[in-house]
Amino acid sequence: MSQNISQDRLKMMPKVDLHLHLDGSIKPETIMALARKSGVSLPANSVEELLPYMKADKGCLSLTQYLEKFDFVSPFLQTAEALELAAFEVVEQAAEHHCLYIEVRFAPQLHTRSGLNADEVIAAVIAGLNRGEASFGVKARCIAICLRGHTGEMNLEVVKAAARYMGHGLVAIDLAGAEAAYPAELYSEEFRLARELGLPATIHAGEAAGAESVREAVLGLNARRIGHGIRMRDNSEVMSLIAELNIPLELCPVSNLQTKAVESWEDYPLRYYMDRGITVTVNTDNLTVSDTTITKEYSELCEHFRLSAEELCGLVMNGVKSAFLPEGEKEELMKKMAASQAAWLAAASTSTSP
Ligand SMILES: [Zn+2]
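This is a predicted model, so every value here is computed, not measured.

(A) Summary view of the overall build of the protein chain. Helix and strand counts for the protein chain come out as 16 helices and eight strands. By the compact-globule yardstick of 20 Å for 354 residues, the protein chain fits well, its C-alpha radius of gyration being 19 Å. Across its three principal directions, the C-alpha atoms of the protein chain cover 60 × 45 × 45 Å. The 354 residues of the protein chain split such that 57% are buried. Put simply, 74% of the contacts in the protein chain that link residues at least 6 apart link residues at least 24 apart. Charge-centre separation for the protein chain: the mean point of 33 positive side chains lies 3 Å from the mean point of 48 negative side chains.

In structure tokens form, the structure reads like this:
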């Protein structure tokens, strides 16, 4: 029965999403509303016409092309009000797919064009997440992103601002952007400071560059999780390092195929990594840019890897264990997830058709 889990059943499965970009997950309807409000004209008059500007093209060839889609929404996310709304709606979307917990990430420096500072951007996002958590019961925390290509000064500002919100809605920092052009060692000062300030780090690596980039993120920048980590299967030494240090990978399957981090589902290293003792988690990356949902991510994996219901629950629990939450809160979430999974599995066994 493993490969016959229906879409409805997958949607009902309790989940978490640890790798979810705010600006890549804005609904087109919301961009239209924000544009009307700010008097900015759009190149489209309907959701259908707008979507091509916001989601990755079918012929997307690289991470660089994929990242271009983010430039389109950026002008509409420059006020506290817009950021609060965007964050709230991300929680709403996560609730529709039965997430119990999400970590939403964003780069504060991309939202300062109209005068907000990094602290104000973070505060606005946290306010939206808190409102979403209160409305939909999904625990929601955030991660501030430093960007490859930004100056040390800009990134240090992000680290310092993030530290002020650590434990108050923010749980970690990240490094994202053009991985191949800007190696991790350029950002050692920022991540040394983060470590001193008690901010755990997850780092985008092994997406547009290979195993060395993953090694540098872990050993050089002290990453406790890796965003993607898809391109390291040719290096058994780095894979062993990741397994031994128990550094979870935040896989985002649909996105990984779009950015050509992996050529095909046949090449997707899900079982390959699992068989080597690497902790893998399943995430969306960008709901709108990747045109995905967390249900769709699991659905694709089910189809291509014939995962059983128990294996699916194991992957979800990997996410819970990898969450950047204080130990007490994490234990509470683990208990809640275990109970939800037991209920979901029990419902599956009574509704399975021959
Ligand atoms: Zn990402």
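What follows continues from the structure just given.
(B) Layout of the nonpolar core. Counting residues in each nonpolar core, the largest one holds 112 residues, and the members touching the most others are Ile102 and Met232. Apart from residues lying up to four places away in sequence, Met232 is in contact with Ala211, Val214, Val238, Met239, Ile242, Leu249, Tyr273 and Ile278. Of all hydrophobic cores here, the second largest spans six residues; its members include Ala56, Leu63, Tyr66 and Val289.

(C) Highlighting the environment of Arg195. Relative to the helices and strands, Arg195 is located in helix 9 (residues 188-196). A residue is classified by how much of its surface remains accessible, and Arg195, at 56% relative accessible area, is exposed. Sequence separation of Arg195 and Asn222 is 27 residues, and the distance between their C-alpha atoms is 7.8 Å.

(D) Layout of the packing of aromatic side chains. One pass over the structure, following the stated rule, counts six aromatic pairs. When the centroid spacing of 5.7 Å and the interplanar angle of 50° are considered together, the rings of Trp265 and Tyr268 count as tilted. Exposure remark for Tyr268: the relative accessible area of 3% places this residue in the buried category. Taken together, the ring pairs in this structure connect Tyr53, Phe72 and Phe76 into an aromatic cluster. Against the face of Phe88 rests Arg131, its NZ or CZ located 3.8 Å from the ring centre. Here the basic side chain of Arg276 rests over the ring of Tyr272, its NZ or CZ set 3.6 Å away from the ring centre.

(E) Local environment of the packing of helix 6 (residues 80-96) against helix 7 (residues 118-136). Where helix 6 meets helix 7, the axes come as close as 7 Å, and the angle between the chain directions of the two elements is 35°. As for how helix 6 packs across helix 7, the hand of that crossing is right-handed. The residues of helix 7 that touch helix 6, namely those facing Ala80, Leu83, Glu84, Leu85, Ala87, Phe88, Val91, Glu92 and Ala95, are Val121, Ala124, Val125, Ala127, Gly128, Leu129, Arg131, Gly132, Glu133, Ser135 and Phe136. Residue composition of the contact of helix 6 with helix 7, by class: 13 nonpolar, three polar and four charged.

(F) Expanded view of the pattern of salt bridges. One pass over the structure, following the stated rule, counts 16 salt bridges. The partner of Glu311 in a salt bridge is Arg271, and the shortest N-O contact between them spans 2.9 Å. Residue Glu311 is found in helix 15 (residues 309-322), and its partner Arg271 is found in helix 13 (residues 270-275); the two are separated by 40 residues along the sequence. On the accessibility criterion, Glu311 (27% relative accessible area) is partly exposed. A network of salt bridges, in which partner residues are shared, links Glu103, Arg105, Asp174, Arg225 and Glu250.

(G) Looking closely at the coordination of the zinc ion. The coordination sphere of the zinc ion, as far as protein atoms go, consists of His19 (NE2), His21 (NE2), His204 (NE2) and Asp285 (OD), spread over 2.0 to 2.5 Å. If you list the donors of the zinc ion from N- to C-terminus, the spacing comes out as H-x1-H-x182-H-x80-D. On the criterion of sequence distance, the pair formed by His21 in strand 1 (residues 15-21) and Asp285 in the loop between strand 8 (280-282) and helix 14 (294-305) is long-range, its members being 264 residues apart. The pair formed by His21 and Asp285 is uniform in burial state, with each residue classed as buried.

Cut-offs applied
- Per chain, residues are indexed from 1 in the order of the written sequence.
- Per-residue local features are limited, in this predicted model, to residues with pLDDT of at least 70; the limit for side-chain atom pairs, both in listing and counting, is 80 or more; totals at the level of whole chains, interfaces and linings are taken over all residues.
- Computation of side-chain values: all heavy atoms of the structure, hydrogens and water removed.
- Helical segments are the DSSP runs of H or I of at least four residues, strand segments are the runs of E of at least two, and each set is numbered from the N terminus.
- For the radius of gyration, the atom set is restricted to C-alpha positions; the globular benchmark scales as 2.2 Å times the number of residues to the power 0.38.
- For every residue, the accessible area (1.4 Å probe, protein chains only) is compared with the maximum for its type, and the residue is labelled buried under 20%, exposed over 50%, or partly exposed between those bounds.
- Residue contacts follow a heavy-atom distance rule, with two residues in contact if any of their heavy atoms lie within 4.5 Å.
- In this tally Asp and Glu are treated as negative and Lys and Arg as positive; neither His nor the chain ends contributes.
- Charge positions are represented by NZ for Lys, CZ for Arg, CG for Asp and CD for Glu.
- Throughout, nonpolar core names a set of buried Ala, Val, Leu, Ile, Met, Phe, Trp, Tyr and Cys residues whose side chains join them through atoms within 4.5 Å.
- Ring pairs are drawn from Phe, Tyr and Trp, using the six-membered ring of Trp, whenever the two centres fall within 6.5 Å, and their geometry is named by plane angle: stacked under 30 degrees, edge-to-face over 60, tilted for the rest.
- Two limits define a charge over a ring: the Lys NZ or Arg CZ must be within 6 Å of the ring centre, and within 35 degrees of the ring normal.
- For every element, the axis is a line fit to its C-alpha atoms; helices are fit only across the contacting stretch, and the angle between N-to-C directions ranges from 0 to 180 degrees.
- Helix crossings get a hand from a simple test, with the near helix turned counterclockwise from the far one by less than a right angle marking a left-handed crossing and a clockwise turn marking a right-handed one.
- When residues are sorted by character, Ala, Val, Leu, Ile, Met, Phe, Trp, Tyr, Cys and Pro go into the nonpolar class, Asp, Glu, Lys and Arg into the charged class, and all the rest, Gly among them, into the polar class.
- Salt-bridge detection follows one rule: a side-chain nitrogen of Lys or Arg within 4 Å of a carboxyl oxygen of Asp or Glu.
- With water omitted from the atoms examined, metal sites may look incomplete; donors here are N, O and S atoms no farther than 2.8 Å from the metal, or 3.2 Å in the case of Na, K and Ca.

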